[in-house]
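Chain by chain, the residues run as shown.
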Amino acid sequence: MKFTLSWLKDHLDTSASLDEIADKLTLIGLEVEALVDPSETFANFEVAEITATAPHPAADRLKICTVKSGGGEQQLVCGAPNARAGLVGILAQEGAVLPVSGMVLGKAKIRGVESRGMMCSGAELGLNDDHDGIIELEAGASIGSPAAAALGLDDLMIEIGITPNRPDCLGVRGIARDLAAAGLGTLKEDITRPIKAEKKGGTPIDVSGESSPVFAGRRIEGVKNGPSPDWLRARLSAIGLKPISALVDITNYISYDRGRPLHVYDADTLAGTVQARQARAGESFVALDEETYELNATDCVIADDRGVLGLAGIMGGLASGSALQTKNVLVESAWFDPVAIALSGRHHNIDSDARYRFERGIDTDSIYWGVDAATQMILELCGGEVSEFVSSEINIEKSKPFMFDTNKVKTFGGIEINNKEQEKILVSLGF
């Protein structure tokens with residue numbers, strides 16, 4: 001489980017240092033496996049401005065650029081079509097190690113012209129797939145300042161090992177709750193709010209099958225998909241997730257922020273009733289990884305009247321996934337039997353963040369608030385008109401009171417904790 005320090009502080013009000021947080025995490029059983037400082041990854045990368053360009057004498061597609069950085073001006077050869085005077089971007093100096101390829105930049109001559117350093121594209125820094133153009137920073141970026149800060153990637157990243165019995169800590173908020181309970185700060189108020197529907201109805205849904213799934217969601221119409229805002233892209237990039245689009249990034253963010261896997265369908269690709277059911281003999285589908293999977297009767301799938309849309313709790317289908325042109329969506333928040341998900345995942349050899357969480361157990365209350373959390377972010381980033389919450393029959397047992405024998409803390413645990421302190425600890429953990 002990966003997260004950044006600022007992400008943790010979205011949920012935890014604390015003045016503790018990184019070392020104190022790391023020590024406390026390990027002490028409470030969330031062992032810290034890595035602490036990553038992005039400034040080390042982007043050493044020898046800085047903000048620089050192209051002050052002048054000239055044609056390369058031996059190559060029509062190359063330009064000789066004069067670049068101003070913290071150490072003054074230098075000359076380099078660039079083939080990017082957007083290279084021009086006045087552009088502010090990221091300069092890799094001699095000795096810089098490109099994050100994607102591992103290549104170490106040295107002195108070079110390109111078609112007979114000396115070139116010192118390189119203006120970088122997003123692909124070369126592992127930020128996106130744009131190989132054609134160099135990064136263009138917003139006006140006001142300080143020349144010579146570290147690249148990590150300018151790109152919003154200077155946030156310290158923490159990676160912890162999660163044992164199978166701790167699915168509650170597969171979301172940043174769950175980790176913050178544990179740290180607060182351990183005395184390292186205060187858990188902040190949950191900002192998720194119930195969303196009031198603006199119109200009746202929605203995509204009809206149903207469930208059937210041996211695994212007793214629960215399928216719920218909400219239709220949102222008139223959304224405008226596109227790139228996520230910089231803060232969301234930076235946060236996902238910091239933990240190794242590739243930003244794709246606002247709709248997809250929202251689901252990935254909530255999965256890591258709250259431990260709640262979600263899926264967003266392009267509602268205009270759906271036919272009739274969407275349901276969770278067992279797969280039928282001979283069914284197959286093309287998944288988001290562009291692989292075709294042959295299904296068997298033990299697989300739980302999401303399907304509509306035309307056929308399979310995805311492998312439930314593991315991976316969605318390519319045909320029904322949200323795209324940049326998507327206008328109407330169905331947001332899915334579901335619950336699937338952990339054993340059934342684990343068996344399907346192993347059979348098809350698919351590892352995904354959704355499978356990892358579903359097979360360890362999902363907070364059943366999140367069936368409801370998960371839809372609201374996604375809706376809230378979609379409305380903020382993509383707009384749209386909200387339909388009412390719809391669900392199959394939810395037969396999952398809700399949380400209920402039970403008797404706790406406080407004496408067993410001593411007889412089973414061998415430690416003496418008075419009743420008031422026991423109550424404080426349990427309440428702080430969410431009981």
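The rules behind the values
Residues numbered from 1 in each chain as written. Predicted model: local features only at pLDDT ≥ 70, side-chain atom pairs only at ≥ 80, totals over all residues. Heavy atoms only, no water. Helix = DSSP H or I, 4+ residues; strand = E, 2+ residues; numbered from the N terminus. Buried < 20%, exposed > 50% of the residue type's maximum accessible area, 1.4 Å probe, protein only. Contact = heavy atoms within 4.5 Å. Areas by Shrake-Rupley, 256 points an atom, 1.4 Å probe, with all protein chains shown as cover. Pairing = 2+ DSSP bridges. Core = buried A, V, L, I, M, F, W, Y, C linked by side-chain atoms within 4.5 Å. Patch = residues over 30% accessible without salt bridge, like charges linked within 9 Å, V, L, I, M, F, W, Y side chains within 5 Å. Salt bridge = Lys/Arg side-chain N within 4 Å of Asp/Glu carboxyl O. Phe/Tyr/Trp six-rings, centres within 6.5 Å; stacked < 30°, edge-to-face > 60°. Polar contact = N/O pair within 3.5 Å; in protein donor to acceptor, adjacent residues only side chain to side chain.

Helix and strand counts for the chain come out as twelve helices and 24 strands. The principal-axis extent of the C-alpha atoms belonging to the chain is close to 80 × 60 × 40 Å. Among the 431 residues that make up the chain, the fraction classed as buried is 48%. Taking the intrachain contacts of the chain between residues at least 6 apart in sequence as the baseline, contacts between residues at least 24 apart amount to 72%. Of the roughly 21,300 Å² that the chain leaves accessible, carbon and sulfur atoms contribute 50%.

Reading across from one edge, 13-16-19-20-21 is the order of the five strands in this open sheet, with mixed pairing throughout. Every interior strand has two partners, whereas the edge strands, strand 13 (205-207) and strand 21 (315-316), have only one. Summarising the sheet, strand 19 (residues 300-303) and strand 20 (residues 308-311) pair through three bridges and their orientation is antiparallel. Bridge assignment links I302 to a residue of strand 20, and that residue is G310.

Another aspect to go through is the nonpolar core. In terms of nonpolar packing, the biggest core is built from 46 residues, with M1, F3, L8, L25, I160 and I175 touching the most fellow members. Looking at this core, the element that brings in the most residues is helix 7 (residues 246-258), giving six residues. If we skip the residues at most four places from it in the chain, I175 touches M1, F3, L8, L25, L30, I160 and C169. Counting residues in each nonpolar core, the second largest holds 33 residues, with A276, V301, L309 and I341 among its members.

Within the fold, S121 resides in the loop between strand 10 (118-119) and helix 4 (147-150). Given the relative accessible area of 2%, S121 is considered buried. Ignoring sequence-local partners within four residues, the contact set of S121 consists of D130, H131, G133, I134 and I135.

Once that is clear, we can look at a nonpolar patch on the surface. On the surface, F402, F404, I425, L429 and F431 cluster together into a nonpolar patch covering about 520 Å² of accessible area. Looking at where L429 falls in the secondary structure, it is placed in the segment after helix 12 (419-428). For L429, a relative accessible area of 33% gives the class partly exposed.

Right, let's talk about the packing of aromatic side chains for a bit. By the definition in use, this model includes six aromatic pairs. Between W7 and Y253, the ring centres sit 5.1 Å apart and the planes meet at 5 degrees, which makes this aromatic pair stacked. You can see W7 sitting in helix 1 (residues 5-11) and its partner Y253 sitting in helix 7, a full 246 residues away along the chain. By the burial criterion, W7 is buried, and Y253 matches it.

Near the N-terminus of helix 12, the side chain that reaches the backbone nitrogen of K420, with its oxygen 3.1 Å away, is that of N418. Positioned one or two residues after helix 12, G430 has a phi angle of 105 degrees, which is positive.

What follows deals with unusual backbone geometry. The backbone phi angle of R111 is positive, close to 50 degrees, even though this residue is not glycine. Within the element layout of this structure, R111 appears in the loop between strand 8 (108-110) and strand 9 (113-115). Here the phi dihedral of E290 falls at roughly 70 degrees; this positive angle occurs in a residue that is not glycine. Following the sequence through the fold, E290 ends up in the loop between strand 17 (284-286) and strand 18 (292-294).

It is worth stressing that arrangement in space is one thing and function is another; only the former is reported here.
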